[in-house]
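Summary of structural features
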Amino acid sequence: MLERYFVKNDHTFEANKILRDMIVFAKHNLFDDPPFLRLNLITCRNVLIYFDHELQTKVLQRFHFGLRVTGVLFLGRSESVGRSETLFTPLDRRERLFTKQGESRELNEHAPVAQRAASPLKRRDRDMQQLLDALVAHMGATVALCDARGNVQHTAGDVERFLRFPAGRTQVGIQDVMSAPFRGELMSLLHQFQKQRIPQLGRRRRYEGEWWRLSVRGLTEQEDDRRILVVLSPLLESEKPTNVPLDQLMEPPQLDGLESLEEELEATREHLQSLIEELATANEEMQSLNEEAQASNEELQATNEELEAANEELQATNEELISLNEELNIKTGELTKLNDEYAYLYDALDFPLLVFDNEFCLKRYNAPAARYFSVRPTALQRHVSGLRLPAVLNDLEDALIQVAHQATPDENILELDGRLLQRLITPGVNQHGDVELLVVTLMDVTDLSQVQAKLRQSQAQLHALMESSTVMIALKDLNGRYTFANPQFLNTFGLTQEQLIGRNVFELFPDAYAGSVWSRDLEALRYQQIVKAEHLLPSEGGGLRIMSCVHQVLRDEQGHPYLILTESEDITARKHAERDMQVAAKVFEQAGEAIVVINALGEAQSVNNAFSRITGFLASEVEGQPALPLLYCDEENQGGGQTPETCYVLWDVVQQHGYWQGEVFNKRRDGTLFSQWLTLNIIAPDSHDDALYVAVFSDITHIKESQRQAEYLATHDAFTGLPNRTLFQDRLQVVIAHAKRSEQLSALMFLDLDNFKSINDTLGHDVGDELLIQVASRLKELVRDMDTVARLGGDEFTIILVDTTIEGAEQVAKRIVEALSKPFDVRRHALFVTSSIGLAFCPDDGDDVAGLTKAADTAMYRAKENGRDRFELFKPELQARLMRDVAIEQALREGRENKR
């Protein structure tokens, strides 16, 4: 068993996984929850000691009810069965092991009445009672049903005649309640039955004038539910002794022969053996009780030792209290001395100081306050409103109230006798956050204010100089950490004062730039002279910024260097301009667009390679020639209605405004026309003779073709070629305006295919797209050229009917419904779809695009609701109903979200 379910660990054993998996842990209320049944072991270690006697009895009854007949109850060292000794028999009192005594008759008081009446236990008891009653009625006997330990469970017959049940005990042994004449024989028979497990029959006995015979037999053989039947049956007439005188019947029966004597001796021996075993059991119980008494004595001795230790602790605590009292006296003296020192300190201050409590009564003041405000000792504990203070302090009470409520200091500047006084009210807050004291100080800040004013003026001038300077200025200490930088420096490098102050150049900039700057700083510091240098700073875009810096050292009043001044300027643009002059010629030649430089006389001064590539003219052929005919084709651009001087109009525009840009036609050397985008710019001259013009153009023929294609795709559906939503709204807006002017009806149809989604999902999107193309083709065949068929998206189409009537629009709608109900042949599939159409008229149903579209859409949904494959006209009540449904849906959503 140990090897199978336990693992040895040093001197202890641990349950292995097999045993742990058999254990079920569950939260169980011993008092309210139904008890577990048919348990082999219940362990309750040091739990009952926390219950009162009534609750202990209740829990032990539930343990008794849940245990098997052979079950064991295991309690803690400090626990016992107490008042429930009739329910359990001690198995080992020292180890607190108890076995179940008798059968439990406790019912689950929390179970319903119907369930208790129908339980298997009750049914079994009722059947047993009926069996015993039948036995008594047939034999005239008195019977008692007992468990394996002899505890009485059921009785029947003339019980009061033979059994004496004591008051107050619920479970008793049969040998305890049996009448004295039969008690010894019963104990002998029970002992024989326990040993042999066969029925035992007693001798004939005369009791109260009648002959009786006692017998003991087993009723059941199950180990967990063995029962014993004790029967006192009257003798039959054939079994009674005959011809015996009455006086002899009253005497004890005589033993006949040696065999009867041996039987009597054997019965007496068995009886004595039972008594010896009971005495041994009682001895063991007395020994267990003695051990318990010894354990209790040891516990009392331990408790006595604990009390002695507690007494010693109390004595030590008393000594500590005496020491603390002495320390308290010392601290009190020190506190008094410290209070006197505080008084000296208050008086040593050269400004008035007033201390108020949380009731705004004066608690303390110093000597300057007495001199300035004539405060006397009689003012102590007086409310602030009763103090005689200067008029400038009339608001002191309100200020004290505000500070007491907010628990934050209050500062104010007052003027008294031409002097400026700084009034500071500071709250004294205790550890709970409550204001206990309010300290008022009045300091003369007149001289300080004047000095601060001059300093602020000087700082303002310096600040204005730094702010307006276009040069980047920064100051560093001798350790290289920044102490100041003007806005130009911060803005150039994207820094703030918080990010800059206290950091060195290596923490803010790349190492290469930082090393270059710091080396020049050290050079200026080492040689005590101004150092000029250029530094390269990598930019975020991957380029380089060129910084021109001047490094110099600032000295203090003693002539010692204490700051390093750096003046920087970003010369990247200037450097790039110099390089651009070198690159411009190269760029001019390699540009992809044609460039023509024109002098003040309008002659082509120079052209690039792109000009020759686009026009076919060589540079030698056009240089010195009039430039405008090379940029503009008069015959094509004037359209035959203008004079040949049209190109010179552009020249006048450029001279007046300095700029012109547009699309014009030009002619190549071979005579072919092409579209070009021309830009003319004037370069502002220093004098009229130096004026120059630059013409830049590119061939945009392919761009125009792409633009026309893009415009078509922007206004038409890619699949069907029908106008899309954008073009539809533009045309509908035109039709609405026309209807308003001509007072002629125009109709809008909103069409939706009914089962298009199922076709699209089952046969694929390619089949669905082909079906849409065929639907669009049929729709275009059913309307006039002046009408518009558009696809808004998915399977939604719209038809705009211009200058129509209600009857005419209905006829068109009817033809559309019939035409779309016919099958479509799409990739060997015969597809059937129906359509739902909504009709709205302008201006009756809507006078703008949104309103008319919404009306037609509403009518379309009405057609779907009425069975589809039909058309419906818009009615105002449809819109009202739709708005009501939307409002109801919104209210339901809000109610669900708010859980109402």
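Everything discussed here concerns the structure shown above.
Since the structure is predicted, the reported quantities are computational estimates derived from the model, not experimental observations.

1. Topic: the overall build of the protein
The helix and strand inventory of the protein stands at 30 helices and 33 strands. Per-residue burial for the protein yields a buried fraction of 35% across its 900 residues. Contacts in the protein between residues far apart in sequence, at least 24 positions, make up 50% of those at least 6 positions apart. Carbon and sulfur atoms make up 52% of the accessible area of the protein, which amounts to about 55,300 Å² in all.

2. Observations concerning helix α27 (residues 765-781)
End to end, α27 covers 25 Å across 17 residues, agreeing with the expected 24 Å (1.5 Å per residue, within 8%). Looking only at α27, the buried set comprises Val767, Gly768, Leu771, Leu772, Val775, Ala776 and Leu779.

3. Focus on the sheet that holds strand β15 (residues 419-429)
Across the sheet, which stays open at both edges, the five strands sit in the order β13-β12-β16-β15-β14 with antiparallel pairing between neighbours. Because the sheet does not close on itself, it has two edges, and the strands there are β13 (362-365) and β14 (410-416). Strand-to-strand twist across the sheet, computed as the mean angle between neighbouring axes with direction ignored, equals 20 degrees. Across three bridges, strand β12 (residues 353-357) lies against β13 in antiparallel orientation. Bridge pairing in β13 links Val355 to Arg364. In the packing of helix α12 (residues 396-406) onto the sheet, contacts are made with β12, β14, β15 and β16 (435-444), and the angle to β15 comes to roughly 35 degrees.

4. Some words on helix α26 (residues 756-763)
Because an α-helix completes one turn every 3.6 residues, residues spaced three or four positions apart along the sequence face the same direction. When we look at burial in α26, the residues that qualify are Phe756, Ile759 and Asn760. All buried residues of α26 project into a common sector of 95 degrees when viewed along the axis, lining one side. Turned more than 90 degrees off the buried face of α26, the exposed positions are Lys757 and Thr762. Elements that come into contact with the buried residues of α26 comprise β27 (746-753), α27 and β31 (829-831). One or two steps after α26, the chain reaches Gly764, where phi turns positive at roughly 110 degrees.

5. Remarks on the nonpolar core
Among the nonpolar cores identified, the biggest contains 31 residues, and Met749, Leu751, Leu771, Phe797 and Ile816 are the most heavily contacted of them. Of all the elements in the fold, those that place two or more residues in this core are β27, α26, α27, β29 (796-801), α28 (806-820), β30 (824-826) and β32 (835-842). Apart from the residues within four sequence positions on either side, Leu751 is in contact with Leu779, Asp795, Glu796, Phe797, Ile799, Ile816, Leu820, Ser835, Ser836 and Ile837. One finds Ala604, Phe611, Phe674 and Leu680 within the second-largest nonpolar core, a separate group that totals 24 residues.

6. Topic: the pattern of salt bridges
Counted by the stated rule, this structure contains 20 salt bridges. A salt bridge links Glu185 to Arg205, with the shortest nitrogen-to-oxygen separation between them at 2.8 Å. Linking Glu185 in helix α8 (residues 180-196) with Arg205 in strand β9 (residues 200-207), this pair joins segments that are 20 residues apart in sequence. With a relative accessible area of 9%, Glu185 lands in the buried category. We note a salt bridge from Asp395 to Arg423, for which the minimum N-O separation is 3.1 Å. Remark: Arg423 occurs in strand β15 and Asp395 occurs in the loop between α11 (367-373) and α12; sequence separation between them is 28 residues. Looking at Asp395, the relative accessible area reads 33%, which means it is partly exposed.

7. As for the pairing of strand β3 (residues 39-44)
Here β3 runs beside strand β4 (residues 67-75); their pairing, made up of five bridges, is parallel. Residue pairing across strands places Thr43 opposite Phe74, the latter belonging to β4. Assessed by its sense of winding, the connection that carries the chain from β3 through helix α3 (residues 53-66) to β4 is right-handed.

8. Re a nonpolar patch on the surface
A cluster of nonpolar side chains, contributed by Leu335, Leu338, Tyr342 and Leu345, occupies part of the molecular surface with about 380 Å² of accessible area. Its location among the elements puts Leu335 in helix α10 (residues 257-348).

9. Some points on the environment of Thr332
For Thr332, the location among the structural elements is in helix α10. Judged by its relative accessible area of 41%, Thr332 is partly exposed. Side-chain polar atoms of Thr332 contact the backbone oxygen of Leu328, separated by 2.7 Å.

10. A short note on the side chain of Thr441
With respect to the element layout, Thr441 can be found in strand β16. Residues within four places of Thr441 in sequence aside, it is in contact with Phe351, Pro352, Leu353, Gln422, Arg423 and Leu424.

11. Side note on a negative patch on the surface
Where like charges cluster on the molecular surface, the negative patch consists of Glu305, Glu306, Glu308, Glu312 and Glu313. Relative to the assigned elements, Glu313 resides in helix α10. Residue class for Glu313 comes out exposed when judged on its relative accessible area of 54%.

12. Regarding empty space enclosed by the protein
One pass over the structure, following the stated rule, counts six cavities of 30 Å³ or more. Counted as a void, the second largest cavity has a volume near 70 Å³. If you trace the second largest cavity, you find it lined by Ala474, Lys476, Tyr482, Phe489, Phe493, Val505, Phe509, Tyr513, Val517, Cys549, Thr566 and Ser568. Its residues placed into classes, the lining of the second largest cavity shows nine nonpolar, two polar and one charged.

13. A few points about the sheet that holds strand β25 (residues 673-683)
The antiparallel open sheet is built from five strands, whose spatial order is β23-β22-β26-β25-β24. Each edge of the open sheet carries a strand with a single partner, namely β23 (604-607) and β24 (659-667). Each strand of the sheet is rotated relative to its neighbour by a mean of 25 degrees, with strand direction disregarded. Strand direction decides the pairing type here: β24 and β25, joined by nine bridges, are antiparallel. Its bridge partner being in β25, Gly662 is matched across the sheet by Leu678.

14. Let's talk about the environment of Asp347
Considering the arrangement of structural elements, one finds Asp347 in helix α10. Discounting residues that sit within four places of it in the chain, Asp347 has contacts with Asn366, Ala367 and Pro368.

15. What to know about the packing of aromatic side chains
A complete count under the given rule lists ten aromatic pairs for this structure. Summarising the aromatic geometry, the rings of Phe182 and Tyr207 are spaced 5.5 Å apart at their centres and angled 65 degrees between planes, so their arrangement reads as edge-to-face. Taken together, the residues Phe182 in helix α8 and Tyr207 in strand β9 connect sequence positions 25 residues apart. For Phe182, a relative accessible area of 1% translates into the label buried. Ring geometry for Phe611 and Phe697: centres 5.9 Å apart, planes at 80 degrees, overall edge-to-face. Residue Phe611 is found in helix α19 (residues 609-615), and its partner Phe697 is found in strand β26 (residues 692-699); the two are separated by 86 residues along the sequence. Taken individually, Phe611 and Phe697 each receive the classification buried, so the pair is uniform in this respect. An aromatic cluster of at least three residues, connected via ring pairs, comprises Tyr482, Phe489, Phe493, Phe509 and Tyr513. The ring of Phe824 carries Arg778 above its face, with NZ or CZ at 3.5 Å from the centroid.

16. Thoughts on the environment of Arg227
Topologically, Arg227 is positioned in strand β11 (residues 227-234). When its relative accessible area of 4% is taken as the criterion, Arg227 is described as buried. Linking Arg227 and Arg149, residues 78 residues apart in sequence, is a C-alpha distance of 8.9 Å.

17. Let's talk about the pairing of strand β33 (residues 870-873)
Taken together, the four bridges between β32 and β33 define a ladder with parallel strand orientation. Across the sheet, residue Leu839 finds its bridge partner in β33, namely Leu873. You can see the chain leave β32, run along helix α29 (residues 849-865) and come back into β33, and the turn it takes is left-handed.

Conventions we followed
- Residues numbered from 1 in each chain as written.
- Predicted model: local features only at pLDDT ≥ 70, side-chain atom pairs only at ≥ 80, totals over all residues.
- Heavy atoms only, no water.
- Helix = DSSP H or I, 4+ residues; strand = E, 2+ residues; numbered from the N terminus.
- Buried < 20%, exposed > 50% of the residue type's maximum accessible area, 1.4 Å probe, protein only.
- Contact = heavy atoms within 4.5 Å.
- Areas by Shrake-Rupley, 256 points an atom, 1.4 Å probe, with all protein chains shown as cover.
- Expected span 1.5 Å × (residues − 1).
- Pairing = 2+ DSSP bridges.
- Axes fitted to C-alpha atoms, helices over the stretch in contact; angles between N-to-C directions.
- Arc of directions from axis to C-beta.
- Core = buried A, V, L, I, M, F, W, Y, C linked by side-chain atoms within 4.5 Å.
- Salt bridge = Lys/Arg side-chain N within 4 Å of Asp/Glu carboxyl O.
- Right-handed = clockwise from strand over helix to strand, strands pointing away.
- Patch = residues over 30% accessible without salt bridge, like charges linked within 9 Å, V, L, I, M, F, W, Y side chains within 5 Å.
- Polar contact = N/O pair within 3.5 Å; in protein donor to acceptor, adjacent residues only side chain to side chain.
- Lys, Arg positive; Asp, Glu negative; His and termini not counted.
- Charge placed at Lys NZ, Arg CZ, Asp CG, Glu CD.
- 1 Å grid on protein atoms, 1.4 Å probe; cavity = no way out; pocket = protein on both sides within 12 Å on 5 of 7 lines; lining within 4 Å.
- Points joined across faces, edges and corners; volume = space filled by probe spheres on them.
- Nonpolar A, V, L, I, M, F, W, Y, C, P; charged D, E, K, R; others polar.
- Phe/Tyr/Trp six-rings, centres within 6.5 Å; stacked < 30°, edge-to-face > 60°.
- Lys NZ or Arg CZ within 6 Å of the ring centre and 35° of its normal.

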